[in-house]
Structures are given as C-alpha cells and as structure tokens.
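# Close look at the chain arrangement
One-letter residues, chain by chain:
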Amino acid sequence: MEGARILWDRRADETLKSETYKCGSPPAPRKASNLERKLTTSKATMNTKRDLEKEGERMVKEEGYGTIQENRIIPLWSLTVWLVVMNTTMFNVALPSVISEFDLSPTAGSWIVSGYSIVFALSTITFSRLSDFIPIGRLLFTGVIILGIASIIGYFSNSFEFVLISRMVQAMGAGAVPGLGMVLATRYIPISRRGRAMSLISSAASLGFGLGPVIGGGITQLLGWNFLFIVTGLVLLLLPVFKVYLPVEQKREGSFDFVGALLTGGGVTSLLLYLSSFSWYLLVLSVLFFGTLVFYSKKKEDPFIRVSLFKNTLYVSLLIIGLIAFMTHFALLFVMPVMLSNLFGKEPATIGFVIFPGAMLSALAAIYVGRWIDRFGNLPVMRTGLVALLLSVVLFSLFATKAFYLTAIFYMFTSIGFSSLTSSLANENSRILSEDEVGSGMGMLQLVQFFGGALGVAVAGLLIEGQQGIALEAIYRNVFIVYTILVVISIVIYRVKIKRNVSLELE
C-alpha cells in the first residue's frame, strides 16, 4: 500500500499545482526522478486503482523510495517540539525564585533565559545543516540524549554556575528538535499534505511558548524551580517510539564547516550582548564576525551559511516577516505578565490563566491551519496571519490598559496570527528551496526566528526602561504601538515583495 500512496501523492501533487497557481503559490520546479518518469509513462496503461497499487508497489521496491508513517511521526515530533520549546519560557516565571535563592543581580539571572535562547538558536541551524549528510534519526537521538543528561544535572544543581551550564547544554540538545522536524517534513512529506505537517509542528511550538509561563509558574510555586528540569527530561521517554517510526537513512558525503559555525555563533552572541549592555566594542565585534563570515562563505565550497540564499529576494522577504512575527510574539509574552502584575496587581497564577486561552487556541488552530494551507496555498494563510497579528497589536495599543481580562481576548488573535504565519512561512520556504538548500535554508529560518524572539524581548525591555517617569498606561501603550508599526512593515513587505515575486513566477 505504500507504493499506492506514493503514486496517488504524485497525482495529488499535479492537482495541487493547478490549485496553488490560482492562489498565487506555485511549487518550485524540480527535476523529475526515475520513479516519476516511469510513473508518467505508465499512467496511460493504468485504468484502475488496483493497477496503480500494484505498479506503485513494484516501483517502490525497484527504486528504494523512502517513506514515513506521517500520521504517527508528525504528532510524536510535535509533542517533542512542545516539550522542548516550553522549556524556553518556563524559566521566565522562575527567575525571581532563582535570583533570590542564589542572591543574584537581575542581569546575571537573566542569562538563564537569554543564554538558553542564544545557544538554542545556534544549535537549531547547526543540526539542520548537519542533516544534509548525517541521518536525521542519529542527529535527533544525539540531541535528545544531550538534553536529557543536562536536565538530570540541572535538577541536582545547587549553584548558579551549575544551573547556567545545565541550561546551556540543554539548549545544545534541544536545538535538534524544531529544525530537524522541518527538514523531515520537507524531505519526506509530499507538498499536497506538507502544510498540515508544518502547521502541527509550528503550532506545537506556539503552544509551548504560551503554556511555558503557565506550567512553569505552577510547578515553581508547588514543587520548586528544580522540577522544571524534570519536565524537559521527559523527552527521553519518547526515544524508543522514535526508534520505531523514524526513517532509516544512509550517511551521505559531506563535511561540516566549523569555522563558519564559530563565526556565526560569535556574530549572533556579540550582537545580543550588545543589545543588553550597549557596549560599543560588542557591536564592532559583531560586525567583524559577520563581515568575516560573508567573505569566508563566498570562498568556501560548502559553507555553514549559504550566502547564495540571500540573493533570493523571496526567501529574504520570508525571513524578515518571520523575524518580525517572532519579535512581536515574544515581546507580547514578555510585556503581558509585566503589565498584568504592575498595572493590575495580578498574581503569577492569575497571569498564567490569562495567557492560557490563547495558548490553547493555538493548539486547536493547528488542525485547521494545515488544512487551509493544503487547500488554498501558503499565501492566503500568510495574509490571514498578518491581518490577525495586526489586529491583536492594534487592540493591545488601544484597550489593553483598560481592563486585565481584555489581554486574554486580544492574545487569542495573536495566537491565531502567529500559528498561521509560522506554518505558512515554513511551508513556503520548503517550497522555494532546492533539495540541497533545505538543511541550510530551513536552519537559517529557525535561527532568524529565534533570534527575533530574543531581540523582541530585548527591545521591549529597553522601551519600558526608557520611559521611566511617565504613567504606566502610556508606557505599555507606546510599546504596543512600536510593534504595531513593525507588523505594518511586514505587511508592506508581503504585498510588495512576496506577492509580486509569486506573480512573476506565474508569468
């Protein structure tokens, strides 16, 4: 039956091409494989479904075409993404407890979160890049084992240094999960069903971001912050199931660009450090790292960062929209608890329940967003996500400081917009990237997005600090207005660059 399904997928792809051309999202041209050529020549003589099944099964055996049980592996992967991404925001609400226990300054304590984000972003693109020549299963097992060991060490940590090291090592392993999930979906799931898979993975990440403060606050209050490490360590229990359903791949020829990886890590880290300290030497250092990276990558045959990707204006436009989406979502997740606490005097448990409906809506939206992508194409869903995100920040700007319960309502629009955007962006990127660009391209998308999350929090914090001395309502309203402007910019990019580029493809 696997052969029949592959065969029908090919026919579904042909139908989807005509559908997506109508909605402005044509599939990327690619060279037909031997299997596809044989299918094309054989279609004229096949008139029944039974003939298709037999012929498909014969060709699968002959060609060794790889498949996955996507109805099992994608939900399993989404569960893993949820646990891993939730670990990013769970510690936000635990920071006051950790700072108090170890007598830390707020700046030192913030490294538990910001340090994790930096390493996580770099690890994501590293694992995605490695997937070009190392089997996905081997990389996933390596990452999850690293994450599990770090979680056990973190649970027994009795000093700030051990907590920080545990979080950094956690991030090294956790980065394997989101990026490799996108690569797996791109590599093994046909375009006719890929939107649903991308949506499920992206929405699991969105749910993790939203539920992190809720679950983190409850566990910290009832059991203590150490138990947050145990929650993330549960991913180890999923390894036997992954062993059953992951595809068996052969190692391919290739080499890893360690110099490019170090230059990328140095540039990203120094830039984020500059945003938190405004030390000009860090900005200069970041420019030097990135400048050297560009010069080095142009000379390297197979670089860590493919500079050629940035010549694709459609790809760059998608990166910018993803950056703004993550900046906005992370900024709201940062500002909402601060506003609810300082302006309305709400306790952590109440704040968690205010955020909870939006987080749950994100999970429910995954069921429909994927179907909409598969039926209507990426661009209509992307446009819907942008409109929903714009509506949410406008409502936050106008009414969020009037009553605390309005935050719960407005964040629902944020969740729908963010889920729609991340899913359609990932699927559109998988469409426009060639096979040899998937690892680097999808990894870069993840790097830019998680960097955007850290950047969004940093900018929001700076905006709040820079307005000390004025009314709290005005402070938060001004922050929301800034992010409203950013979302408007992303909509302009969508209309001017993405829609125009796709129209040129159609011509």
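Owing to the predicted nature of the structure, the values given are computational and were not obtained by experimental measurement. (Residues numbered from 1 in each chain as written. Predicted model: local features only at pLDDT ≥ 70, side-chain atom pairs only at ≥ 80, totals over all residues. Heavy atoms only, no water.)

Broken down by element type, the chain carries 20 helices and zero strands. The contacts of the chain with a sequence gap of at least 6 include a subset with a gap of at least 24, amounting to 83%. On the chain, roughly 22000 Å² of surface is accessible, and the fraction owed to carbon and sulfur atoms is 65%. (Helix = DSSP H or I, 4+ residues; strand = E, 2+ residues; numbered from the N terminus. Contact = heavy atoms within 4.5 Å. Areas by Shrake-Rupley, 256 points an atom, 1.4 Å probe, with all protein chains shown as cover.)

Now for the packing of aromatic side chains. Under the criterion given, the structure shown has 15 aromatic pairs. Between the aromatic rings of Tyr116 and Phe120, the centroid separation amounts to 5.8 Å while the plane-to-plane angle is 15 degrees, which identifies the pairing as stacked. On the criterion of helical spacing, the pair formed by Tyr116 and Phe120 is a turn pair, its members being four residues apart in helix H6 (residues 106–130). With a relative accessible area of 1%, Phe120 lands in the buried category. Relative to Phe258, the ring of Phe256 lies with its centre 4.8 Å away and its plane at 80 degrees, an arrangement referred to as edge-to-face. Here the aromatic cluster, defined as three or more aromatic residues joined through ring pairs, consists of Tyr155, Phe156 and Phe227. (Phe/Tyr/Trp six-rings, centres within 6.5 Å; stacked < 30°, edge-to-face > 60°. Buried < 20%, exposed > 50% of the residue type's maximum accessible area, 1.4 Å probe, protein only.)

Next up on the list: empty space enclosed by the protein. Scanning the model with the defined rule gives three cavities of 30 Å³ or more in all. Quantified by volume, the largest cavity comes out at close to 130 Å³. Forming the walls of the largest cavity are 17 residues, and the residues nearest its centre are Met182, Ala205, Phe326, Gln446 and Gln449. Looking at which element gives the most residues to the lining of the largest cavity, the answer is helix H10 (residues 191–222), with five residues. Split by residue class, the lining of the largest cavity holds twelve nonpolar, five polar and no charged. (1 Å grid on protein atoms, 1.4 Å probe; cavity = no way out; pocket = protein on both sides within 12 Å on 5 of 7 lines; lining within 4 Å. Points joined across faces, edges and corners; volume = space filled by probe spheres on them. Nonpolar A, V, L, I, M, F, W, Y, C, P; charged D, E, K, R; others polar.)

On to the packing of helix H15 (residues 313–342) against helix H17 (residues 378–399), then. Contact geometry for H15 and H17: axes closest at 12 Å, N-to-C directions at 35 degrees. Pair H15 / H17 crosses with left-handed handedness. Listed contacts from H17 to Leu318, Ile321, Ala325, Thr328, Leu332 and Met336 of H15 are Met382, Leu386, Leu389, Val393 and Phe396. Among the residues forming the contact of H15 with H17, the class breakdown is ten nonpolar, one polar and no charged. (Axes fitted to C-alpha atoms, helices over the stretch in contact; angles between N-to-C directions. Left-handed = near helix turned anticlockwise from the far one by under 90°.)

Counting residues in each nonpolar core, the largest one holds 141 residues, and the members touching the most others are Ile73, Trp77, Phe209 and Met442. The element that contributes the greatest number of residues to this core is H15, accounting for 17 residues. Contacts of Ile73, omitting those with residues within four sequence positions, involve Ile68, Leu184, Phe242, Tyr245 and Leu246. (Core = buried A, V, L, I, M, F, W, Y, C linked by side-chain atoms within 4.5 Å.)

On to a nonpolar patch on the surface. A surface patch of nonpolar side chains, about 500 Å² in accessible area, is lined by Leu364, Ile367, Tyr368, Trp372 and Phe376. Within the fold, Trp372 resides in helix H16 (residues 348–376). (Patch = residues over 30% accessible without salt bridge, like charges linked within 9 Å, V, L, I, M, F, W, Y side chains within 5 Å. Salt bridge = Lys/Arg side-chain N within 4 Å of Asp/Glu carboxyl O.)

The next subject is the confidence of the model for the chain. Summing up the model confidence of the chain, the mean pLDDT is 79 and the portion of residues at 70 or higher is 84%. Mean pLDDT values for the elements of the chain range from 39 in helix H1 (residues 2–23) up to 94 in H17. Scored below 50 in pLDDT, residues 1–65 makes 88 contacts in the model with residues more than four places away or belonging to other chains. (pLDDT = per-residue confidence, 0-100.)

Below, the discussion takes up the pattern of salt bridges. Within the structure shown, the criterion is met by three salt bridges. For Asp132, the salt bridge goes to Arg129, with nearest N and O atoms at 2.4 Å. On the basis of relative accessibility, which here comes to 18%, the residue Asp132 falls in the buried class. Measuring nitrogen to oxygen at the nearest pair gives 2.6 Å for the salt bridge that ties Arg431 to Glu428. Taken together, the residues Arg431 and Glu428, both in helix H18 (residues 405–432) and three residues apart, mark about one turn of the helix.

For Thr220, the location among the structural elements is in helix H10. In terms of polar contacts, Thr220 uses its side chain to reach the backbone carbonyl oxygen of Gly216, at 2.7 Å. In this view, Thr220 contacts Ala94, Ser97, Trp225 and Leu228; residues no more than four positions away in its chain are not counted. (Polar contact = N/O pair within 3.5 Å; in protein donor to acceptor, adjacent residues only side chain to side chain.)

In a regular helix each residue adds 1.5 Å, so 30 residues correspond to 44 Å; H15 covers 43 Å between its end C-alpha atoms and thus fits that length. Counting buried residues in H15 gives 21 out of 30 residues, a clear majority hidden from the surface. Between the side-chain oxygen at the start of H15 and the backbone nitrogen of Leu314 there is a gap of 3.1 Å, and the oxygen is on Asn312. (Expected span 1.5 Å × (residues − 1).)

Look at H18 against helix H19 (residues 438–465): their axes get within 10 Å of each other, and the N-to-C directions meet at 150 degrees. With respect to H19, the element H18 is oriented roughly antiparallel. Judged by the twist between their axes, the crossing of H18 over H19 is right-handed. On H19, the residues that touch Leu425, Ala426, Asn429 and Ser430 of H18 are Met442, Leu445 and Gln449. In terms of residue class, the contact of H18 with H19 is made up of four nonpolar, three polar and no charged. (Parallel < 35°, antiparallel > 145°, perpendicular 65-115°, else oblique.)

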